[in-house]
Amino acid sequence: MKTSKIISFVLMFSLFANVFATTSVSATDRGKDYAFQMELKSIAKKTYKFYQDHTDPKTGLTYDETRYTAEGKKDATHTSPTNIGMYMMSTISAQELGIISKKEAVKRIQVTLNTLEHLEKWNGLYYNWYNTKDGSVKKDWGQFISQVDNGWLSAGLIVVGQAYDELNPQTSKLVEDMNYTTLYDPEVGQFRGGYDVAQGKLTDHHYGLFNTEPRVASYISIGKGDVPSDHWWKMYRTMPREWDWQAQIPEGETHEYDGVSVFEGHYEYNGVKFVPSWGGSMFESLMPGIVLNEVELGKDALGLNNKRHVELQQAFAKEKGYKAWGFSPSATPDGYSEFAATPLGTSGYKDGATVTAHASFLALDYDPNGVRKNIKALKELNTYSKYGFYDSVNVETGEIAKAYLALDQGMIMVSIANYLKDGVIRDYFHQDPIGKKPENLLKKEKFSIQ
């Protein structure tokens, strides 16, 4: 009897010890995740403070940037359609993360929507620059209608309409009125870059390359029915092989999708295959993925390619001996410039030893551990301040561009919300019929980088 009790006690103790050990390990792992989650939420809170302090309360339009110089703080009191879209999605992100209430989020966005209804437009599309104080067109900067900028505004409106039912009628009408057929060239099957209202002409160039940020407007215009779905297949995955001016002569094969022959080409860097963007920057490849569910629906194409670009941006920085990675257009101490991991581009931008925080946050869904380490490196470079991360730093000289850009702050906010809330902004986008209708285009393609 005593022996039986002793054996039972030993077995129970062993079981308890085993469960305790397992629980302890799990708790440790959860602790690491929890610490990172709290760090990201803290970053998001500071980042959203930029919008709270730099959005005109009467118009709901966010300043393009604020910059700190030897002469003091300077605000750029104009804005773009992209900035407006990013502000709205950032506000939803802030509510999802518990930074602001739903009541405040709806109130803020309602002000913006009321302003959008009264802004001067061209065929329902928005001019590239408006003054934030009164919403007037900033005509001293030209009167340009940008395909890519309107695409990001449409994306923001679509997300708002799904996040807040009470705003849906207003957002749906604004999106419906945005007529993308006016920028489309049916003979080529591609979009023009935009339209110059003052000159009365479309741009000479097309948005021909697929792995660039204009694909959001392409996707939305297909979802709306403004352009045919075969437009998706008429953009270049790489430029044709015979175009020998490009950075590499691509390898690959031609495949047919929906009756259209597509050259599924790729480049190679560091022994890894990838589909290039134009300049090799992070936001060209990954910014569309903050609304398009490429990470899940495009596992054989865009999602896989995004992961490759994250991997290769890191490899490029390591090859250069840089302390941090993340190359993308960003502010400089005296302006703005295009930066990239040069080998990843069709006609690659310089890297300039300059990294920007938004490029890291765009990579959260693909390499969170790598992003965590890079955030630490960026903080050690003294880039973290009142409104989150300053826009860029030269990793060789340590020189910091002490600026905050509405666009880049928005990429950080939405990326954090998507990562911590299981793709919440993407889900809102795809709940809308415009976001849902073209999903098969993301699913069916297979890049030649497997």
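See the structure above.
First things first, this report covers the structure right here in the doc. Just so we're clear, the structure is a prediction, and the values are computed from it rather than from any experiment. The numbers attached to residues start from 1 for each chain and follow its sequence in the written order. In view of the model being predicted, local features appear only for residues whose pLDDT reaches at least 70, and side-chain atom pairs are presented and counted only at 80 or more, with totals across whole chains, interfaces and linings using the full set of residues. As a rule here, side-chain values cover all heavy atoms of the structure and leave hydrogens and water aside.

**Structural notes on the overall build of the protein chain**
Rules: Each helix is a run of H or I in the DSSP string that is no shorter than four residues. Each strand is a run of E no shorter than two, and both are numbered from the N terminus. Here the globule rule reads 2.2 Å times residues to the power 0.38, and the radius of gyration is calculated from C-alpha atoms. Exposure categories follow from relative accessible area, calculated using a 1.4 Å probe and restricted to protein chains: below 20% of the type maximum is buried, above 50% is exposed, and the middle band is partly exposed. The criterion used for residue contact is that any of the two residues' heavy atoms lie within 4.5 Å. All accessible areas in this document rest on Shrake-Rupley with a 1.4 Å probe, and a residue is counted as covered only by the protein chains that are shown. Charge counting treats Lys and Arg as positive and Asp and Glu as negative, with His and both chain ends excluded. In this description, the location of a charge corresponds to atom NZ of lysine, CZ of arginine, CG of aspartate or CD of glutamate.
For the protein chain, the count of helices and strands is 15 helices and 23 strands. For a compact globule of 450 residues, the expected C-alpha radius of gyration is about 22 Å, and the protein chain comes in at 24 Å, within 12% of that figure. Along the first, second and third principal axes, the C-alpha set of the protein chain runs to 100 × 55 × 50 Å. Out of the 450 residues in the protein chain, the part that is buried amounts to 58%. Residue pairs at least 24 apart in sequence account for 71% of intrachain contacts in the protein chain once pairs closer than 6 positions are excluded. Accessible surface, the protein chain as shown: approximately 19,000 Å² in total, 50% of it carbon and sulfur. Averaging the locations of the 49 positively and 56 negatively charged side chains of the protein chain gives two centres separated by 9 Å.

**Considering the packing of aromatic side chains**
The geometry of two aromatic rings is summed up by the distance between their centres and the angle between their planes. As a reminder, the rule being used: Pairing of aromatic rings covers Phe, Tyr and Trp, the last counted by its six-membered ring, and requires centre-to-centre distances within 6.5 Å; plane angles under 30 degrees mean stacked, over 60 mean edge-to-face, and any other angle means tilted. Throughout this description, the term charge over a ring refers to an Arg CZ or Lys NZ atom that lies within 6 Å of the ring centre and within 35 degrees of the ring normal.
On inspection of all chains with the given rule, the structure shows 26 aromatic pairs. We note Lys138 situated over the ring of Trp141; from NZ or CZ to the ring centre the distance is 4.9 Å.

**Concerning the pattern of salt bridges**
Spelled out, the test is: Take a side-chain nitrogen of Lys or Arg and a carboxyl oxygen of Asp or Glu: if they are within 4 Å of each other, that pair is a salt bridge.
The final tally for this structure, using the stated rule, is 19 salt bridges. Here Asp230 ties to Lys234 by a salt bridge, and the two come within 3.6 Å at their closest N and O atoms. We classify Lys234 as partly exposed; its relative accessible area is 30%. Close ionic contact of Asp365 with Arg426 constitutes a salt bridge, the shortest N to O distance being 3.1 Å.

**Section: the side chain of Asn306**
The condition that has to hold: Whenever a nitrogen or oxygen atom comes within 3.5 Å of another N or O atom, the pair is scored as a polar contact, on the condition that within protein one atom can donate a hydrogen and the other can accept it, and that pairs from neighbouring residues in sequence are kept only if both atoms are in side chains.
Topologically, Asn306 is positioned in helix H9 (residues 302-320). A distance of 3.0 Å separates a polar atom in the side chain of Asn306 from a polar atom in the side chain of Glu294. Those residues in contact with Asn306 that sit more than four places away from it in its chain are Arg215, Ser285, Leu286, Glu294 and Tyr366.

**A few points about the environment of Val393**
Position of Val393 relative to the elements: it lies in strand S21 (residues 392-394). On the accessibility criterion, Val393 (1% relative accessible area) is buried. Sequence separation of Val393 and Thr356 is 37 residues, and the distance between their C-alpha atoms is 6.7 Å. With residues up to four places along the chain from it excluded, the contact list for Val393 reads Ala353, Thr354, Val355, Leu378, Leu381, Thr383, Gly398, Glu399 and Ile400.

**As for the packing of helix H3 (residues 102-118) against helix H5 (residues 168-177)**
For the record, the criterion: Every axis in this analysis is a line fitted to C-alpha atoms, fitted for helices over the stretch in contact. Angles between the N-to-C directions lie between 0 and 180 degrees. Crossing handedness: left-handed means the near helix sits turned counterclockwise from the far one by under a right angle, and right-handed means the same turn made clockwise. Throughout this entry, Asp, Glu, Lys and Arg are counted as charged residues, while Ala, Val, Leu, Ile, Met, Phe, Trp, Tyr, Cys and Pro are counted as nonpolar. The remaining residues, Gly among them, count as polar.
Direction vectors running N to C along H3 and H5 enclose 35°, while the axes themselves pass 11 Å from each other. The crossing of H3 and H5 is left-handed. Where H3 approaches H5, its residues Gln110, Leu113, Asn114, Leu116 and Glu117 are matched on the opposing element by Gln170, Thr171 and Leu174. Taken together, the residues of the contact of H3 with H5 break down into three nonpolar, four polar and one charged.

**Section: the sheet that holds strand S22 (residues 400-401)**
Let me state the cut-off plainly: When DSSP locates at least two bridges between a pair of strands, those strands are taken to pair.
Strand order in the open sheet formed by three strands is S18-S21-S22, with antiparallel pairing between adjacent strands. Two strands in the sheet have a free side with no partner beyond their single neighbour: strand S18 (354-355) and S22. Where S21 lies against S22, two bridges are found, and the strand directions are antiparallel. Its bridge partner lying in S22, Val393 is registered against Ile400.

**Regarding the pairing of strand S13 (residues 251-257)**
With seven bridges connecting them, S13 and strand S14 (residues 260-269) associate as antiparallel partners. Residue pairing in the sheet places Glu251 in a bridge with His266 of S14. Between S13 and S14, which pair antiparallel and follow one another directly, the connecting turn spans two residues, one of which, Asp258, has a positive phi of 50°.

**Description of the sheet that holds strand S15 (residues 272-274)**
The strand order across the open sheet built from three strands is S13-S14-S15, with neighbouring strands paired in antiparallel fashion. The open sheet is flanked by S13 and S15, the only strands paired with a single partner. Here the strands of the sheet are splayed against their neighbours by 30° on average, with no regard to which way each runs.

**A closer look at unusual backbone geometry**
The backbone of Asn123 sits at a positive phi, close to 55°, despite the residue not being glycine. One can find Asn123 in the loop between strand S4 (121-122) and strand S5 (125-126). Non-glycine residue Asn382 carries a positive phi angle of around 65°. Mapped onto the elements of the fold, Asn382 is located in the loop between helix H11 (368-380) and strand S19 (384-385). For Asn382, a relative accessible area of 58% corresponds to the exposed category.

**Details of the packing of helix H4 (residues 147-163) against helix H6 (residues 215-224)**
As a reminder of what qualifies: Any angle between 65 and 115 degrees counts as roughly perpendicular, while under 35 counts as roughly parallel, over 145 as roughly antiparallel, and the rest as oblique.
Interhelical geometry of H4 versus H6 gives an angle of 60° and a closest axis separation of 8 Å. Overall, the two elements H4 and H6 adopt an arrangement that is oblique. The interaxial crossing formed by H4 with H6 has left-handed handedness. On H6, the residues touching Gln147, Gly151, Trp152, Ser154, Ala155 and Ile158 of H4 are Val216, Ala217, Ser218 and Ile220. Tallied by class, residues from the contact of H4 with H6 come to six nonpolar, four polar and no charged.

**Quick look at H3**
Note that an α-helix has 3.6 residues per turn; residues three or four places apart therefore point the same way. Threshold: Every helix has an expected span of 1.5 Å times one less than the residues it contains.
Here H3 is 17 residues long and its end C-alpha atoms lie 25 Å apart, about the 24 Å a rise of 1.5 Å per residue gives. For H3, the complete set of buried residues consists of Ala105, Val106, Arg108, Ile109, Thr112, Leu113, Thr115 and Leu116.

**Notes on a nonpolar patch on the surface**
Spelled out, the test is: Only residues whose relative accessible area exceeds 30% and that form no salt bridge are eligible for patches; like-charged ones are grouped when within 9 Å, while nonpolar side chains (Val, Leu, Ile, Met, Phe, Trp, Tyr) are grouped when within 5 Å.
Where nonpolar side chains cluster on the molecular surface, the patch consists of Trp243, Trp245 and Trp278 and spans about 310 Å² of accessible area. Turning to its location among the elements, Trp278 is positioned in the loop between S15 and helix H7 (282-286).

**Points about H6**
Burial of H6 is extensive: 10 of the 10 residues sit out of reach of the surface. Within the sequence span of H6, burial applies to Arg215, Val216, Ala217, Ser218, Tyr219, Ile220, Ser221, Ile222, Gly223 and Lys224. A positive backbone phi angle near 90° is found at Gly225, which sits one or two residues after H6.

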